[in-house]
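# Coordinate analysis (summary)
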Amino acid sequence: MRYTKEHKQETRQRIIATAGRRLKRDGIDGSGVATLMKDAGLTNGTFYAYFASKDELVATAVADQMRAQHANIVAQAAPGRAGLEQVVRWYFSTDQRDNIEDGCPNAALLDEIARSTDPTRQAYTDGALILIDDFAARLAPHDPPSARLKSLSLLGMLAGTLQLSRALTDRQLADELLEQGIRNALALLDTEQHN
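Here is a short report on the structure shown in this document.

Each value, and the rule that gives it
Residues numbered from 1 in each chain as written. Predicted model: local features only at pLDDT ≥ 70, side-chain atom pairs only at ≥ 80, totals over all residues. Heavy atoms only, no water. Axes fitted to C-alpha atoms, helices over the stretch in contact; angles between N-to-C directions. Helix = DSSP H or I, 4+ residues; strand = E, 2+ residues; numbered from the N terminus. Parallel < 35°, antiparallel > 145°, perpendicular 65-115°, else oblique. Contact = heavy atoms within 4.5 Å. Nonpolar A, V, L, I, M, F, W, Y, C, P; charged D, E, K, R; others polar. Buried < 20%, exposed > 50% of the residue type's maximum accessible area, 1.4 Å probe, protein only. Salt bridge = Lys/Arg side-chain N within 4 Å of Asp/Glu carboxyl O. Left-handed = near helix turned anticlockwise from the far one by under 90°. 1 Å grid on protein atoms, 1.4 Å probe; cavity = no way out; pocket = protein on both sides within 12 Å on 5 of 7 lines; lining within 4 Å. Points joined across faces, edges and corners; volume = space filled by probe spheres on them.

## A look at the packing of helix α1 (residues 5-26) against helix α3 (residues 54-74)
Running from N to C, α1 and α3 cross one another at 85 degrees; their axes reach a closest spacing of 9 Å. As the angle between them shows, α1 and α3 are arranged roughly perpendicular. Contact residues: α1 offers Arg12, Gln13, Ile15, Ile16, Ala17, Ala19, Gly20, Arg21, Leu23 and Lys24, while α3 offers Glu56, Leu57, Val58, Thr60, Ala61, Asp64 and Gln65. Tallied by class, residues from the contact of α1 with α3 come to eight nonpolar, four polar and five charged.

## Observations regarding the environment of Leu164
In this structure, Leu164 sits in helix α8 (residues 148-167). Take Leu164: its relative accessible area is 45%, and that puts it in the partly exposed class.

## Structural notes on the pattern of salt bridges
Considering all chains together, one arrives at 17 salt bridges under this definition. In this structure, Arg171 engages Asp98 in a salt bridge whose closest nitrogen and oxygen atoms are separated by 2.9 Å. Residue Arg171 is located in helix α9 (residues 171-194), and its partner Asp98 is located in helix α5 (residues 94-98); the two are separated by 73 residues in the primary sequence. Residue Arg171 is classed as partly exposed on the basis of its relative accessible area, which comes to 46%. Since its relative accessible area comes to 41%, Asp98 is described here as partly exposed. Several salt bridges share partner residues, and in doing so they unite Arg21, Arg22, Arg25, Asp26, Asp39, Glu101 and Asp102 into one network.

## Some remarks on the packing of α3 against helix α7 (residues 118-139)
It is the contact of α3 with α7, at a shortest axis distance of 7 Å, that shows an interaxial angle of 10 degrees. Considering their axes alone, α3 and α7 lie roughly parallel with respect to each other. Helix-helix and strand crossings are classified by hand; for α3 and α7 the assignment is right-handed. Taking contact as the criterion, the partners of Asp55, Val58, Ala59, Val62, Ala63, Met66, Gln69, His70 and Val74 in α3 are, on α7, Pro119, Thr120, Ala123, Tyr124, Gly127, Ala128, Ile130, Leu131, Asp134, Phe135 and Arg138.

## Details of the layout of surface pockets
Roughly 170 Å³ of internal volume is contained in the largest pocket. Considering the residues around the largest pocket, the lining is formed by 13 residues, among which Lys24, Gln65, Gln69, Asp102 and Gly103 are closest to the centre. Elements that contribute at least two residues to the lining of the largest pocket include exactly α1 and α3. Sorting elements by how many residues they give to the lining of the largest pocket places α3 first, with five residues. Of the residues in the lining of the largest pocket, the class split is five nonpolar, four polar and four charged.

Below is the structure:
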């Protein structure tokens, strides 16, 4: 039976979306092709009809996760600093911390992306640049390039603090870290406004 182009595209997108969730939960190295295809409800043999390699799927899934984070969270936030505060508060929520597979790809995959293939690292870089350029435009609407490094620092602060909060076994300390993360990020944003 031959499938339409639309069906093939829908199937490919399902593979990418389910892979993104699994990669964030189990890591890149902890997610084999067989598991990724099972998650999508497909056979292992079907994989190569859609991707040349696991590396290609990983790069595609990382790009998709970064794009989704921007479209569903960052781009939906209010304009200006108020929107950045919304993003910070969402990012440092206990729900975001505790729900890894539906959360941010930065905090879930950053350490593995650094050791990944160039296409995966480029997919991540492209997605990160979209995020930081959005942050910079909110911080300095009349001169976004002036806020680009500060925005990159904010992204690093967000991802690192969330990673640390996820790693702690002491739930109270982990919660306190998220609260401190909010204060630190807002202080960084306020510093930018006064410069």
